[in-house]
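Residues per chain, in single letters:
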Amino acid sequence: MLQINHLTKRFGDKKAVDDLSLHICPGEIYGFIGHNGAGKTTTLKSCAGIAQFDSGDILIDGVSIKTDPLTCKGKIAYIPDNPDLYDFMTGIQFLNFIADIFGVNALDRQERIAALADAFELTADLAQPISAYSHGMKQKLAIISAWLHNPKLIMMDEPFVGLDPKASHLLKEMMRQACDRGSAIFFSTHVLEVAEKLCDKVAIIKQGKLIRSGTMEEVKGDDSLEDVFLELEEK
Amino acid sequence: MLKALFKKQLMEVNTWLIQDKKKGKNRSKLGVALLILVYTVLFIGMGAAFFFVASMLCEPLVLAGLDWLYFAIMGLMSVLLGVFGSVFNTYATLYMAKDNEFLLSMPVHPSAILFVRLFGVWMWSLIYEAIVFIPSVIAYWIVLYTVLPAGSLTVSVILCDILLFLVLSVFVLALSCILGWVVARISARLKNKSIVTVIVSLVFIAVYYWGYSRAYAALQSILAHAQALGDTVKGKFYPIYLMGMTGTGDILSSALFTLMIGALFAVIWMVLDRSFLNMATANRGAAKKAYRQAPVKVRSVSGAMLVKEARRFVSSATYMLNCGLGTILMPVLGIFLLIKASWVREFLVSYPEEGPAFAVLLACAGLCTMSSMNVITAPSVSLEGKHLWLAQSLPVLPWQALAAKLKLHLLVTELPLLFCEICVAIVIRPQVFDAVLLLILPPVFVWMSACFGLAVNLKSPNLHWTDETIPVKQSMGVLLSMLGGWLLVMGLALLYFVLRKFLSAQMYLLLCTVFVSMVSSALLFWLKTRGTKLFAELS
């Protein structure tokens, strides 16, 4: 579903991502971990078509984001670490805007918005302007908007930050259900316990370079993911 | 503790001077010095204007023995400007301060926080009041020194004037606190805040120009009926009389006026002190609107993008007022022309040698100038700001995002322009071909302005602003778009006067239409090619 081939992105002289290659298959939850500034957000932004990259390629469902970004973007959903949504819109206006962009028909969007907003207990606030939302509410709205068009690939940067325990639990369930339907999920997190329990595969990035990746068992063996991560970071 | 709070408050006041919000970092020493110089020149300029007014009033009133009326009038003007200048600052500093909860969580008495906040507001009140009051006092002292017998400018006059300056600043502070509270209350409950702000601002601008146009006549009227006015004020508005007498150096009046303002401020202090804790911690969210599922209107991608741009526009009073004023002014101009139709026709008849197309040429110049006041596209890319990731990550072509910005500009400008064109046509009754040119040239000019604004903003965007007034008010793109439009109109008008021996007004208009169309097409081509690439690469 997502193929990152030799991705390199420079900021001036510094390589933010250095020859990174990853392959995420349909039905997989892929965790992306690394310390602050390791290159996680840059990688995710490149995959979402937001950041231009210097070399390598990114294929989404076999289509290069470089050559056909529109087709790729039609298949994905991206949630950044700080979801700055259009704060001049109300929650429902934003969701309808996203549905319009992705061409979700009226019936489907109404059903999905109702179900997802109810699940996240956001229905009562949908008529409020987004500027009045808390960080957690914005995060919930971003998640609802991401799920609205049944994307094949969902990419999220620190999706659990700001969510209450119930919403976190719900998101984990939704991630699993989406993968069961054949979608793939690629997300970054600092919460290693979550990654350990939730992910099928995990990649560890350090200073822009992929230092380990594979199934959870391959990466951590008998240790905890935290121990492995800290050990790799100290090397 | 109080010292630390004062230091924090002074730093807060100094922020506007030291921090460059456009770049998000501190200004250099040279930058600060230049800014101080600019504001000093601005304040001196405004002060000079009030000195002119004060000089007009001062000598006749002093010679008529109505010194106190002079101080009453200038004192009220000081208070008016002071309150107007500091009421919104009071609202932000006192009622909407972001660090209230932070300070209240520390071992600081709420009264100390309130006191320091009021100190900050008082400083601004003093500055605004000074713009009127200091020139007024200077004018008064000059008259006492030069016109009246020697010894008229006594120590008590000087001391009482200084006292009045300080007491009036406390009066301004008291009024600002009351009005700031009213603004806070209204603002908390207001729906469609941006639209209301636009209407209030437009009303204010209209009142300002109305007052400005009548200021001279009002001053003459005051001078003509000074004695009667003085009697009325003294009889019915005794505190104002006391204020005026304070300015003349009357000790007893000074004491009474000071006591009166002191008492007023004491009452306000007590009310504020008692309610500060509630006020600072109150949740001022607007009344919550309940969500009800409504039938969905499905839009195309370009439709959705256009609606998004429109929502962005109407959500911000700053954006509407600074970049869309032409939308209001064009219909106003049209109606004004209809009302003054006979005057316009008489004016045009006085230039028979220029031919009938001359009127159309003048009308086109006016309409293009007016439409240039709309610079909606000029800050539109910068206004994406922190939301840019959405436009870049959604399946939307960069051109679709840019086209939505162009369409909004055209929609908001072309419709009022068309109304104004129809009004103009009714008034000047052009020939058929001239009427066609009148209907084509200004709309094409609007196309060019829209494309130019967007192009300039794509070349120099500012996506990292902290306050939307920065891309809207302080952007080079907005300035260039507005001034560029005006300069082009002026240039083309001047060129006509050079070429009119060789070209008829009609032919010149036709050439202008072709020229503007070609520039518009070139800009549109650039936007579709290089512009879309720039937009996709923005970060």
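Here the structure is a predicted model, which is why all the values come from computation and not from measurement. (Residues numbered from 1 in each chain as written. Chains lettered and ligands numbered in written order. Predicted model: local features only at pLDDT ≥ 70, side-chain atom pairs only at ≥ 80, totals over all residues. Heavy atoms only, no water.)

### Comments concerning the side chain of Asn457 of chain B
All names here are of chain B. Structurally, the position occupied by Asn457 is in helix α18 (residues 432-459). Taking relative accessible area as the criterion, Asn457 reaches 1% and is therefore assigned buried. With near-sequence residues (within four places) excluded, Asn457 lies in contact with Thr377, Ala378, Pro379, Ser380, Val381 and Ser382. (Helix = DSSP H or I, 4+ residues; strand = E, 2+ residues; numbered from the N terminus. Buried < 20%, exposed > 50% of the residue type's maximum accessible area, 1.4 Å probe, protein only. Contact = heavy atoms within 4.5 Å.)

### Considering the interface of chain A and chain B
The interface is formed by 35 residues belonging to chain A together with 32 residues belonging to chain B. Between chain A and chain B, roughly 3100 Å² of surface is buried when both sides are summed, and carbon and sulfur atoms account for 65% of that area. Counting the surface chain A buries against chain B, the share from its top three residues, Tyr86, Phe88 and Ile101 of chain A, is 21%. Seen at the junction of chain A and chain B, the total is 0 salt bridges. Taken together, chain A and chain B are joined by 6 residue pairs in polar contact (both at pLDDT 80 or more). Secondary structure elements with two or more residues in the side of chain A that touches chain B: α2 (69-75), α3 (91-102) and α4 (106-119) of chain A. For the side of chain A that touches chain B, the element with the highest residue contribution is α3 of chain A, accounting for 9 residues. Residue composition of the side of chain A that touches chain B, by class: 21 nonpolar, 8 polar and 6 charged. (Buried area = accessible area lost by both parts, 1.4 Å probe. Salt bridge = Lys/Arg side-chain N within 4 Å of Asp/Glu carboxyl O. Polar contact = N/O pair within 3.5 Å; in protein donor to acceptor, adjacent residues only side chain to side chain. Nonpolar A, V, L, I, M, F, W, Y, C, P; charged D, E, K, R; others polar.)

### Here's the deal with the pattern of salt bridges
By the definition in use, this model includes 15 salt bridges over all chains. A salt bridge links Lys152 of chain A to Asp61 of chain A; its shortest N-O distance comes to 3.0 Å. Placement of Lys152 of chain A in the loop between α5 (135-147) and β7 (153-157) and of Asp61 of chain A in the loop between β4 (55-60) and β5 (63-64) is noted, with a sequence separation of 91 residues between them. One salt bridge connects Arg312 of chain B with Glu468 of chain B, and the closest N-O pair in it is separated by 3.1 Å. Of this pair, Arg312 of chain B sits in helix α11 (residues 301-314) while Glu468 of chain B sits in the loop between α18 and α19 (469-473), and the two are 156 residues apart along the sequence. A relative accessible area of 8% places Arg312 of chain B in the buried class. Exposure remark for Glu468 of chain B: the relative accessible area of 21% places this residue in the partly exposed category.

### With respect to the packing of aromatic side chains
Applying the stated criterion to the full structure yields 22 aromatic pairs over all chains. Each ring, one from Tyr86 of chain A and one from Phe88 of chain A, has its centre 5.3 Å from the other, and the planes form 35°; the classification is tilted. Judged by centre distance (6.2 Å) and plane angle (85°), the rings of Phe115 of chain B and Trp269 of chain B are edge-to-face. Placement of the pair is Phe115 of chain B in helix α5 (residues 110-146) and Trp269 of chain B in helix α10 (residues 251-281), with a sequence separation of 154 residues. Given the relative accessible area of 41%, Phe115 of chain B is considered partly exposed. (Phe/Tyr/Trp six-rings, centres within 6.5 Å; stacked < 30°, edge-to-face > 60°.)

### Let's talk about the sheet that holds strand β8 (residues 184-188) of chain A
Residues and elements named next belong to chain A. Strand order in this open sheet of 6 strands is β6-β7-β8-β3-β9-β10, and the pairing throughout is mixed. Every other strand in the sheet has two partners, leaving β6 (76-79) and β10 (209-215) as the edge strands with one partner each. In this sheet, adjacent strand axes meet at a mean angle of 15° when their direction is disregarded. Running at roughly 170° to β6, α5 makes contact with β6, β7 and β8 of the sheet. (Pairing = 2+ DSSP bridges. Axes fitted to C-alpha atoms, helices over the stretch in contact; angles between N-to-C directions.)

### A word on the nonpolar core
One broad rule of soluble globular proteins: the nonpolar side chains tend to lie buried together. By size, the foremost hydrophobic cluster in this structure holds 173 residues, and its most contacted members are Leu2, Phe94, Trp147, Met155, Met175, Ile185 and Phe186 of chain A. Sequence-distant contacts of Phe186 of chain A, that is, excluding residues within four places in its chain, are made with Leu2, Ile4, Leu22, Ile24, Tyr30, Phe32, Leu44, Cys47, Leu153, Ile154, Met155 and Met156 of chain A. (Core = buried A, V, L, I, M, F, W, Y, C linked by side-chain atoms within 4.5 Å.)

### A word on the sheet that holds strand β1 (residues 2-11) of chain A
All names here are of chain A. Pairing is antiparallel across the open sheet formed by 4 strands, whose spatial order is β2-β1-β4-β5. The open sheet is flanked by β2 (14-24) and β5, the only strands paired with a single partner. Sheet topology note: the β1/β4 ladder contains 5 bridges and is antiparallel. Opposite Gln3, over in β4, you have Leu59 as the bridge partner.

### A look at the environment of Ala365 of chain B
Residue and element names in this part refer to chain B. Relative to the elements of secondary structure, Ala365 occurs in helix α15 (residues 357-371). The exposure class assigned to Ala365 is partly exposed, which follows from its relative accessible area of 22%. The spatial distance from the C-alpha of Ala365 to the C-alpha of Ile113 is 56 Å, given a sequence separation of 252 residues.

### As for the pairing of β4 of chain A
All names here are of chain A. When β4 meets β5, the two strands line up antiparallel, connected through 2 bridges. Note that in β5 the partner of Ile60 across the bridge is Val63. Connecting the antiparallel pair β4 and β5 is a turn made up of 2 residues, with Asp61 showing a positive phi of about 55°.

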